[in-house]
Amino acid sequence: LPVMALPTIITVAEDAIKQFEKQELKADDFAITVLDLSDPANVKSGSYRGGEGIYPASVVKLFYLPAAHKAMGDGKLMDSQELGRAMGDMIGKSTNDATNWILEAVTDTGNGPLLKEDEMKAWAERRNSINRWFSSMGYSGINLNQKTYNEGPYGREKLFLENNRNRLTTDATARLLSEIVLRKYVSD
C-alpha cells in the first residue's frame with residue numbers, strides 16, 4: 001500500500017474480499033480507492049490495486065466534463081445553449097451522442113472516412129490532447145481519447161480505436177470525483 005494510505009484501506013479491502021468470497025471473488029479481482037475529504041486542503045487517499053486498469057464505461061464522461069470547462073476557459077470552446085445541452089445530456093442522461101459531440105468539440109476532431117497517414121497522425125495528435133492535459137496534472141495510467149459506442153466505430157474512429165481503447169483506474173477516477181466535489185474544475 002502507498003505510504004499515504006488510510007489506515008482503513010486494509011479493512012475496506014478485507015471486508016470486500018469477505019463480502020464477495022461466496023461469489024469466488026479473489027483479492028486480485030478488484031481495485032479500491034478511498035479518499036478522506038474531511039480536510040479539503042489536505043485530501044488523503046489510500047488504495048488497493050488503485051493503479052490497475054478498469055473498464056471505463058460511462059465514467060469517461062466525468063473526465064470529459066472538466067475538459068470541456070478547460071476548453072471554454074482557454075477560449076477554444078464557446079459556451080452556448082447547445083454546449084450546455086450536450087453537457088447536461090452527457091452527464092444527466094449518459095447519452096453517447098452528447099458525449100461524442102463533447103469529445104469532438106474539446107479535441108477538434110470529427111469522425112469520417114479514413115485519412116491519409118499524415119492527416120491521420122495530425123488528427124490523432126489533436127485527439128490525444130485530452131490525455132496530455134490530464135497527464136500534465138499528474139493523472140497516470142489512463143486513456144480518454146475514445147468516443148463511446150453502442151454498435152462500434154467506422155472510418156478513422158475504427159482505425160484509431162484499434163490501439164487506443166479508453167482506460168481508467170480507480171485512483172484517477174476517485175481523484176477526479178474529489179476534485180469535482182471540491183470544485184477544483186467545475187463551477188456552477
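(A) Structural view of the overall build of the protein. Regarding its fold elements, the protein presents eight helices and four strands. Seen in sequence order, the protein has helices and strands lined up from the N terminus as α-β-β-β-α-α-α-α-α-α-β-α. Each principal axis of the C-alpha distribution contributes one length, and for the protein these read about 50 × 35 × 30 Å. Per-residue burial for the protein yields a buried fraction of 38% across its 188 residues. A sequence separation of at least 24 residues applies to 61% of the contacts in the protein between residues at least 6 apart. With the model as given, the accessible surface of the protein reaches about 11100 Å², and the carbon-plus-sulfur share is 52%. Between the mean site of the 23 positive side-chain charges and the mean site of the 26 negative ones, the protein shows a separation of 2 Å.

(B) Expanded view of helix α8 (residues 170-181). End to end, α8 covers 16 Å across 12 residues, agreeing with the expected 16 Å (1.5 Å per residue, within 8%). Where α8 is concerned, the buried positions are T170, A172, T173, A174, L176, S178 and E179. Looking at the packing, one finds that the buried side of α8 touches β1 (32-36), β3 (53-54), α2 (60-73), α6 (129-136) and β4 (168-169). At the exit of α8 stands R183, carrying a positive phi of roughly 65 degrees.

(C) Molecular detail of unusual backbone geometry. Residue D108 is not a glycine yet carries a positive backbone phi of 55 degrees. Mapped onto the elements, D108 comes out in the loop between α4 (96-107) and α5 (117-127). The class of D108 is exposed, set by a relative accessible area of 56%. Its identity is not glycine, yet R183 carries a phi of approximately 65 degrees, on the positive side.

(D) Molecular detail of the side chain of S47. Within the secondary structure, S47 sits in strand β2 (residues 44-48). With relative accessibility at 8%, the residue S47 sits in the buried group. At 3.3 Å, the side chain of S47 forms a polar contact with the side chain of D171.

(E) Here's a closer look at α4. When the terminal C-alpha atoms of α4 are compared, their 16 Å separation across 12 residues agrees well with the 16 Å that a helix rising 1.5 Å per residue should span. Those residues of α4 that are buried are in contact with α2, α3 (81-93), α5 and α6. Between the side-chain oxygen at the start of α4 and the backbone nitrogen of A98 there is a gap of 3.4 Å, and the oxygen is on T95.

(F) Broad picture of the packing of α3 against α4. As a packed pair, α3 and α4 sit with axes 8 Å apart at the nearest point and diverge in direction by 125 degrees. By the angle between their directions, the pair α3 and α4 is classed as oblique. Two packed elements cross with a definite hand, and for α3 against α4 that hand is left-handed. Across from E82, L83, A86, M87, D89 and M90 in α3, the residues of α4 making contact are A98, T99, W101 and I102. Of the residues in the contact of α3 with α4, the class split is seven nonpolar, one polar and two charged.

About the cut-offs
Every chain begins its residue count from 1, and numbering advances along the sequence as written. Where totals are concerned, whole chains, interfaces and linings use all residues; where local detail is concerned, this predicted model gives features only for residues with pLDDT of at least 70, and gives and counts side-chain atom pairs only at 80 or more. Think of the side-chain values as coming from all heavy atoms in the structure, minus any hydrogens and water. By definition, any uninterrupted DSSP run of H or I lasting at least four residues is a helix, any uninterrupted run of E lasting at least two residues is a strand, and each is numbered from the N terminus. Throughout, exposure labels follow a simple rule: accessible area from a 1.4 Å probe, protein chains only, divided by the maximum for the residue type, with under 20% read as buried, over 50% as exposed, and the rest as partly exposed. Note on contacts: a residue pair qualifies if any of its non-hydrogen atoms lie within 4.5 Å across the two residues. Only the protein chains shown count as covering a residue, and every accessible area follows the Shrake-Rupley method with a 1.4 Å probe. In this tally Asp and Glu are treated as negative and Lys and Arg as positive; neither His nor the chain ends contributes. Here the site of a charge means atom NZ of a Lys, CZ of an Arg, CG of an Asp or CD of a Glu. To estimate how far a helix should extend, the number of its residues minus one is multiplied by 1.5 Å. Here a polar contact means two N or O atoms within 3.5 Å. Within protein one must be a hydrogen donor candidate and the other an acceptor candidate, and residues neighboring in sequence count only if both atoms are side-chain atoms. Only C-alpha atoms enter the line fits that serve as axes; for helices the fit covers just the stretch in contact. Angles between N-to-C directions range over 0 to 180 degrees. Put simply, angles under 35 degrees are roughly parallel, angles over 145 are roughly antiparallel, angles from 65 to 115 are roughly perpendicular, and the rest are oblique. Definitions for this section: a left-handed crossing has its near helix turned counterclockwise from the far helix by less than a right angle. A right-handed crossing has that turn clockwise. Under the scheme applied, nonpolar residues are Ala, Val, Leu, Ile, Met, Phe, Trp, Tyr, Cys and Pro; charged residues are Asp, Glu, Lys and Arg; polar residues are all the others, including Gly.

These results come straight from atomic positions and should not be treated as a statement about function.
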